[in-house]
Structure formats: structure tokens, C-alpha cells
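Here is how the chains run, residue by residue.
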Amino acid sequence: MNESVDHSYAQAFQDYVRTYAEELFTELFYGFKTADLVTTHEGIKGEKVFTQLEVADNLVRRWGKTFAPVANAVAMKPRVLKTVLNKVDLSVVPQEYESSYLGMLRKKGQDPADWPLAAYVMEKVMAKIKTEFEVAVWQGAEEAIPSDGDFLRQTFDGYLTIIAKALTAGDITAVATGASTTANIIANLRTMWAEVRSEYKEAGTDIFMSYELYDTYRKAYKDAYKIDPAYIQITEAGYQGILYELGNGNTRIIPINGMAGSDRIVITPRENLAMGIDSPDDTMFNTDQDKRQIDLWMDFRMGAQIMLQKDGILVVNDQA
């Protein structure tokens, strides 16, 4: 098995007298903040079928003595939330540290389980895994022919792919806005807002966009009104967003890391976004020691779905 920790860069530093810092540094990962927003359904080992109840319009008619029930007054439509089994496999041979300057971090003696910086390394590994969760839930696109080497984002459709398929199927219609810039993003949102159903304007809904568009909106708002927009805490974990200017004062603009690189703007209640898992405990590493090697692995299930895919409830622009 290939070892998951690459020491080759550290091994190359051998030619001079040096001192070494015990601290590690690494890039910042943004985690899985969407999990704090969407509705998570647990215990799904394959598919869970939800039933969407649709009530027809014009149920009330002028009185007449003849009994005339309305045809197709109520329709029951299935919506499937499917989870896919994924995994993470890692291995490390702690004694390999001694072939580089990192050997100074190991304690006296040859303990094969003595893995210095294990807590720090695994903390960063978990942060990176959560970043991959975030990207997959929004930008995942299921491969037509599954393969053992598929990345997480290739094993199930994320929200943006689900929206693209709903547009193709004619289940929803995109609002024509073109690309959003500081010159037009305020007007684009107002154009989209006009397509939101009245009851959702009153009850409040959510507007999801990438951080790039979020910052574009912030700059446009400040340029137009000479003040900052009103910021608001979205979740108890401290997720921040902006109160949207229209509606009943309870619609939020929420920046989404998982939408990075997308110009899509999505207006829908956060409760309409579903995520399926088996158990939250599955995203903890199992560990085992095989002689000199420490193996770490996790197996988990994940999937995504948008429950109500109807114009007025799920409003999107015409950008991918």
C-alpha cells in the first residue's frame, strides 16, 4: 500500500546546518458550512422516497346543484433522495519520519505508533474532507458509469447539477439576467425576485450565490446607496449573510463556498435543500495498526436533492 504521508520534500533538506520549527503551517480550508443550512435526513442506506403533494388551482367554483368534483385536484409526486457509499483511506508509517529532519519530533525509542503531529495532521485532513463535502453537495455530477476511482463530487448530483437537469426537463424556467456585475446585480436580483411566489416573499426565503457574486452585490449596494447592506447572522454557528432589501424583511442573501466559480443565483427556502446521510458518526476515522503501518479509514454515505422544483419556489437565473 502506498503511504499517504509524503516525506520526500522533508528528506531533501539535508545539506546544511539548520534549525527547524516544530509547528506546521498549511492553507486554509473552508469546511462544510452548507451542512448548517440544509435539511439533513439520516439513516438513508440507499434511497428514501418522499411524496410531494400538489394541490391544483381553481378548486372553488360557482354553486350549482349538480355534484361536479374537480378532476386531478390533488397529485402525489415522488421525490427520491439517494445516498452513495464513499470512503477515505489513509496510511502512515511513523518511523519514516526518521529519514528526514522530522525525526527530531519522535520520542526516544522505536515505537511504531509514535506519530508526531498526528492530531494536527488529522485535524487538517478532516478540514480538507469537509471542503470536499461542500463542493460535492453543490457542484457534484454523478458519473454515468461509476468507477472505484471516482472522486466524491463524481458520485452524486449536487444542487447546481439538479437545477441544470430541472431546467433541461422543463420543470423550472430560468430567469434571463445575463452575467451579473456591479452595474446590474441589484437589478438582476429584483428581476428574479419578481418571479418568487407571493407567499414566499411574505414568509421569507433565501438567496444563494458564490462569494464572488456576494462581494459583487456588496460593492454594488454600497456604490448605489453609499452605505453597507444590513448584515445578519444566518445560523447559530455564526454564518453571516445580508438581509435582502425587498419582501417582508426576512429574506437573506447567503454566500456559499461550494458555489465557487458558478454564476448561478438560486432563490429558494433553505429547507428546500436536502442532504442524505447514513449516520453522522460515519465521518470519524477508524484506525488500525498493521505492524509498522497505521491505517485510517472512514466509510460514509452522502447524497443531495431539491425537494420542490417548481417556478416561484425554486427561482434561478440563466447562468451556470
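Here the structure is shown first, and the text comes after it.
Residues numbered from 1 in each chain as written. Predicted model: local features only at pLDDT ≥ 70, side-chain atom pairs only at ≥ 80, totals over all residues. Heavy atoms only, no water.

1. So, the environment of Ile44
- You can see Ile44 is positioned in the loop between strand S1 (39-41) and strand S2 (47-55).
- Other than its neighbours up to four places away in sequence, Ile44 contacts Leu81, Thr83, Gly276, Ile277, Asp278 and Arg301. (Helix = DSSP H or I, 4+ residues; strand = E, 2+ residues; numbered from the N terminus. Contact = heavy atoms within 4.5 Å.)

2. With respect to helix H2 (residues 118-139)
- The end-to-end C-alpha distance of H2, which contains 22 residues, comes to 31 Å, matching closely the 32 Å that a straight helix rising 1.5 Å per residue would cover.
- Within H2, the full set of buried residues consists of Met122, Met126, Ile129, Thr131, Phe133, Glu134, Ala136, Val137 and Trp138. (Expected span 1.5 Å × (residues − 1). Buried < 20%, exposed > 50% of the residue type's maximum accessible area, 1.4 Å probe, protein only.)

3. Remarks on the sheet that holds strand S8 (residues 252-255)
- Taken together, the 6 strands give an open sheet; going across it, the order is S6-S7-S8-S5-S9-S13, and neighbouring strands pair in mixed fashion. One side of each edge strand has no neighbouring strand; the edge strands of this open sheet are strand S6 (231-233) and strand S13 (315-316).
- Of the pairings in the sheet, the one linking strand S7 (residues 240-243) to S8 comprises 2 bridges and is antiparallel in character. Directly across from Leu243, in S8, lies its bridge partner Arg252.
- Here helix H6 (residues 211-225) sits on the sheet and contacts strand S5 (206-209), S6, S7 and S8; the angle it forms with S7, its principal contact strand, is near 45 degrees. (Pairing = 2+ DSSP bridges. Axes fitted to C-alpha atoms, helices over the stretch in contact; angles between N-to-C directions.)

4. Observations concerning the pattern of salt bridges
- Scanning the entire structure with this criterion turns up 13 salt bridges.
- Notably, a salt bridge pairs Glu245 with Arg190, separated by 3.0 Å at the nearest N-O pair. Here the residue Glu245 occupies a position in the loop between S7 and S8, and Arg190 occupies one in helix H4 (residues 185-193), the gap between them amounting to 55 residues.
- Here Asp206 and Arg252 are joined by a salt bridge, their closest N and O atoms 2.9 Å apart. Here Asp206, found in strand S5, pairs with Arg252, found in strand S8; they are 46 residues apart in sequence, far enough to count as distant.
- Here the residues in one salt-bridge network are Asp206, Arg252 and Arg270, joined through shared partners. (Salt bridge = Lys/Arg side-chain N within 4 Å of Asp/Glu carboxyl O.)

5. Brief notes about the pairing of S5
- Burial of the side chains of S5 extends over both faces: Asp206 and Phe208 are buried on one face and Ile207 and Met209 on the other.
- Pairing between S5 and S8: 4 bridges, direction parallel. Note on S8: the bridge partner recorded for Met209 is Pro255.
- Bridging between S5 and strand S9 (residues 266-267) involves 2 bridges; their strand directions are antiparallel.

6. A word on the packing of H4 against H6
- Put simply, H4 and H6 touch, their axes get as near as 9 Å, and they point 105 degrees apart. Considered as vectors, H4 and H6 are oriented roughly perpendicular to each other. In contact with Ile185, Ile186, Leu189 and Arg190 of H4, H6 contributes Leu213, Thr216, Tyr217, Ala220, Tyr221, Ala224 and Tyr225.
- The class makeup of the residues in the contact of H4 with H6 is 9 nonpolar, 1 polar and 1 charged. (Parallel < 35°, antiparallel > 145°, perpendicular 65-115°, else oblique. Nonpolar A, V, L, I, M, F, W, Y, C, P; charged D, E, K, R; others polar.)

7. Regarding the packing of H2 against helix H3 (residues 159-169)
- Packing of H2 against H3 brings their axes to within 4 Å, and their N-to-C directions diverge by 5 degrees. In terms of their interaxial angle, H2 and H3 are classed as roughly parallel. In this structure, H2 uses Val137, Trp138 and Gln139 to contact H3, whose residues at the interface are Tyr159, Leu160 and Thr161.
- Of the residues assigned to the contact of H2 with H3, the class counts are 4 nonpolar, 2 polar and no charged.

8. Some thoughts on unusual backbone geometry
- Phi at Asn72 takes a positive value of approximately 55 degrees, unusual for a residue other than glycine.
- Relative to the helices and strands, Asn72 is located in the loop between S2 and strand S3 (74-82).
- If you check the backbone angles, Lys226 has positive phi at about 65 degrees while not being a glycine.
- With respect to the helices and strands, Lys226 occurs in the loop between H6 and S6.
- Lys226 sits in the exposed class, given a relative accessible area of 66%.

9. Concerning a nonpolar patch on the surface
- Together, Leu53, Val55, Leu59, Val60, Val74 and Met76 make up a nonpolar patch on the protein surface, roughly 630 Å² of accessible area in all.
- Every element with two or more residues in the nonpolar patch is listed here: S2 and S3.
- Under the relative-accessibility criterion, Val60 is labelled exposed at 77%. (Patch = residues over 30% accessible without salt bridge, like charges linked within 9 Å, V, L, I, M, F, W, Y side chains within 5 Å. Areas by Shrake-Rupley, 256 points an atom, 1.4 Å probe, with all protein chains shown as cover.)

10. With respect to H6
- For H6, with 15 residues, the first-to-last C-alpha span of 21 Å sits near the 21 Å given by 1.5 Å per residue.
- Residues of H6 that are buried: Leu213, Tyr214, Thr216, Tyr217, Ala220 and Tyr221. Angularly, the buried residues of H6 cover 160 degrees about the axis, an arc narrow enough to put them on a single face.
- Buried-residue contacts for H6 involve H4, S5, S6, S7 and S8. (Arc of directions from axis to C-beta.)

11. Some words on the nonpolar core
- Counting residues in hydrophobic clusters, the biggest one holds 43 residues, and the most contacted among them are Trp138, Tyr159 and Phe208.
- Listing elements by their share of this core, those giving two or more residues are strand S4 (84-92), H2, H3, strand S10 (273-277) and strand S12 (293-306).
- Setting aside its immediate chain neighbours within four residues, Tyr159 contacts Thr34, Val38, Val137, Trp138, Leu273, Ala274, Met275, Ala304, Gln305 and Ile306.
- If you look at the next biggest cluster of nonpolar residues, it comprises 22 residues, including Ile186, Trp193, Met209 and Tyr244. (Core = buried A, V, L, I, M, F, W, Y, C linked by side-chain atoms within 4.5 Å.)

Read these as geometric descriptors, not functional statements.
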